[in-house]
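The primary structure of each chain is shown beneath.
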Amino acid sequence: MIIFMKEYFLNEKQQLPLVLEPDGDASAEGLKEYIRKNHKAVTDKMIQSGAILFRGFDINTPKLFEEISALIDPNLKNDYLGTSPRDKVAGTDYVFSASELPGFYPIMQHCEMSYMKNKPVKLFFYCNVEPDYGGETPVCNFRKVYQDLDPEVRTAFEKRGVKLVRNYSAPGKRSRLNLFELKSWTDIFHTTDRAEVEKQFHKYHVDFAWKENGNLRLTHINNAVTEHPVTKEKVWFNHTQVFNIDAAGVEYEYIHKRQKRLKTLFFKKFISAMVAVRKLTIKAEDQSMNMLFADGTEIPKSYIRSIEETIWKNMVIFPWKKNDVLAIDNLGTSHGRLPYEGKRQIMVCWSE
Ligand SMILES: [Fe+2]
C-alpha cells in the first residue's frame with residue numbers, strides 16, 4: 001500500500017508546524033503504515049520544524065491516538081510530576097486530559113517539565129472535542145526565542161540560571177481565593193504520608209523542605225538555556241514565563257489584545273491587582289509559585305515583558321480541528337493554552 005501525503009507549513013514564516021494531510025487514504029491504519037515506513041523522515045522533520053500536525057485522518061478514538069503516538073516514539077510514559085491537574089483517559093495506558101485547569105487560566109508557553117531531571121522528549125496532543133471558543137494550543141520555536149531575545153536579558157539568564165520555587169499548603173490550609181496555588185501537597189501527590197512523598201522526590205531528584213506550618217516547598221535550580229541534543233542549537237529552556245509572579249499579568253495583556261472580551265479585560269485587571277497585593281505581602285520565595293534567578297534574587301519585571309514579547313512574536317496560534325494530532329519536539333518547541341469557553345477536550349501523552 002502506498003500512502004500519499006500533502007505536506008505544508010501551517011505558518012510559512014515560522015515554518016511551524018509541518019502539516020501532514022492525507023492525499024487519498026485518510027484511515028488511521030493508512031497513517032500507521034506511513035509512519036512505520038517513513039519513521040526516520042517523520043521524526044527528522046518533527047525536530048527540524050519543531051512540530052508535526054497530522055490533520056484530516058480518521059483518528060477517532062483516544063486509543064488510536066495512543067497507538068499513533070507510540071509508533072512515533074514507543075517510549076511513552078505515564079508518571080506525571082508536573083503542576084497541571086490531569087486525569088487519565090479510560091481505555092488507554094498513557095493518555096491524559098491535557099489540563100483540568102479552568103478555561104480562564106492562561107497556560108503560558110513552556111517546554112513540558114523543563115525544570116525536571118527527566119523531561120518528556122516528545123509530546124503528543126489530540127483533539128477529541130473542538131473548543132467552542134478559543135482554547136488553542138499555540139506552539140513556539142524556543143530555539144528562535146533564544147536567538148531573538150534581547151541580548152541583555154539572554155545574557156543575564158545564561159549567566160545566572162533560574163530557581164523555581166513551589167510552595168504547597170498543608171491539607172485543608174489552601175485558600176480558595178489564591179488562584180496561584182492549584183493544589184495542596186496531599187492532592188498533588190495523592191497521599192498524606194510524608195515519607196511516601198519524599199520517596200518520589202528522591203526518585204525524581206527534587207529538592208524539598210517541610211515548613212513549620214505543614215507547608216511544603218519544592219525547589220529546582222537549573223540552567224535557563226540548553227543545547228538541543230540533535231541539532232545542537234541553543235534553546236530557551238525554562239519556565240520563567242510560566243511561574244514568575246509577574247508573568248500571568250503580562251500574559252493576560254496579550255490575551256486581552258487578542259480575545260478582546262469583557263472577561264479577558266476583567267482578568268487582566270484582576271490578576272495585576274492580585275499580583276500587586278501578593279508582592280507587597282509575601283516574600284518572593286514564599287509565593288505559591290515563583291521563578292527567580294538561581295541565587296534567589298528577583299527577576300526584573302522588564303525582563304518578563306521582554307521574554308513575553310519575544311514569545312508572542314514567534315508564537316503560532318491555530319484553531320483545533322477534531323481528530324488533529326499535534327506531535328511536538330519538547331526539547332526545542334514550546335506549547336501553551338489560550339483561555340476558552342464551553343466544550344473542549346484535548347488529550348496528551350508523552351515519551352521520555
Ligand atoms: Fe504543558
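Scroll up a little and you will see the structure.
So, a few notes on the structure that sits alongside this text. All residue numbers here refer to positions counted from 1 along the written sequence of the relevant chain. Whole-chain, interface and lining totals are the exception, using all residues; otherwise, since this is a predicted model, local features are given only for residues with pLDDT of at least 70 and side-chain atom pairs are given and counted only at 80 or more. As a rule here, side-chain values come from all non-hydrogen atoms in the structure, and water together with hydrogens is ignored.

### Regarding the pairing of strand β3 (residues 51–54)
For a regular strand, side chains alternate in direction, first toward one face of the sheet and then toward the other. Residues Ala-51 and Leu-53 line one face of β3 and the alternating positions Ile-52 and Phe-54 line the opposite face, and both faces are buried. Pairing analysis gives three bridges linking strand β2 (residues 16–22) to β3, with the strands arranged parallel. Within β3, the residue paired with Leu-18 across the bridge is Ile-52. Under the scheme applied here, a residue whose accessible area is under 20% of the maximum for its type counts as buried, over 50% as exposed, and between as partly exposed, the area being computed with a 1.4 Å probe on protein chains only. Helix and strand definitions here come from DSSP, where helices need a minimum of 4 consecutive H or I residues and strands a minimum of 2 consecutive E residues; each element is numbered from the N-terminal end. Two strands pair if DSSP finds at least two bridges between them.

### Overview of empty space enclosed by the protein
The way it works is a 1 Å grid over only the protein atoms, where trapped points that fit a 1.4 Å probe form a cavity and open points with protein on both sides within 12 Å along at least five of seven lines form a pocket, and then any residue with an atom within 4 Å of a point lines it. Grid points are joined across faces, edges and corners, and a volume is the space filled by probe spheres set on the points. Counted according to the given criterion, the structure contains five cavities of 30 Å³ or more. Roughly 40 Å³ of internal volume is contained in the second largest cavity. Together, Ser-114, Tyr-115, Val-162, Leu-164, His-220, Asn-222, Asn-223, Phe-237, Asn-238, His-239 and Met-291 line the second largest cavity. Among the secondary structure elements, those contributing two or more residues to the lining of the second largest cavity are β10 (162–168) and β12 (216–222). Classes in brief: Ala, Val, Leu, Ile, Met, Phe, Trp, Tyr, Cys and Pro nonpolar; Asp, Glu, Lys and Arg charged; the others, Gly included, polar. Among the residues making up the lining of the second largest cavity, the classes are represented as five nonpolar, six polar and no charged.

### A look at the packing of aromatic side chains
Pairs were defined over the aromatic rings of Phe, Tyr and Trp, the Trp ring being its six-membered one, requiring ring centres within 6.5 Å. Orientation was assigned from the angle between planes: stacked under 30 degrees, edge-to-face over 60, tilted for the rest. Taken as a whole and judged by the stated rule, the model has 16 aromatic pairs. Ring centres 5.8 Å apart and planes at 40 degrees place the aromatic pair Tyr-252 and Phe-267 in the tilted group. Of this pair, Tyr-252 sits in helix α9 (residues 247–259) while Phe-267 sits in helix α10 (residues 262–281), placing them 15 residues apart in sequence. In terms of burial, Tyr-252 and Phe-267 fall into one category: buried. Among the aromatic residues, ring-to-ring pairing joins Phe-104, Tyr-105, Tyr-252, Phe-266, Phe-267 and Phe-270 into one connected group. The ring centre of Trp-210 lies 4.3 Å from the NZ or CZ of Arg-194, which sits over that ring. Lying over the aromatic face of Tyr-340, Arg-344 brings its terminal NZ or CZ to 5.3 Å of the ring centre. Two limits define a charge over a ring: the Lys NZ or Arg CZ must be within 6 Å of the ring centre, and within 35 degrees of the ring normal.

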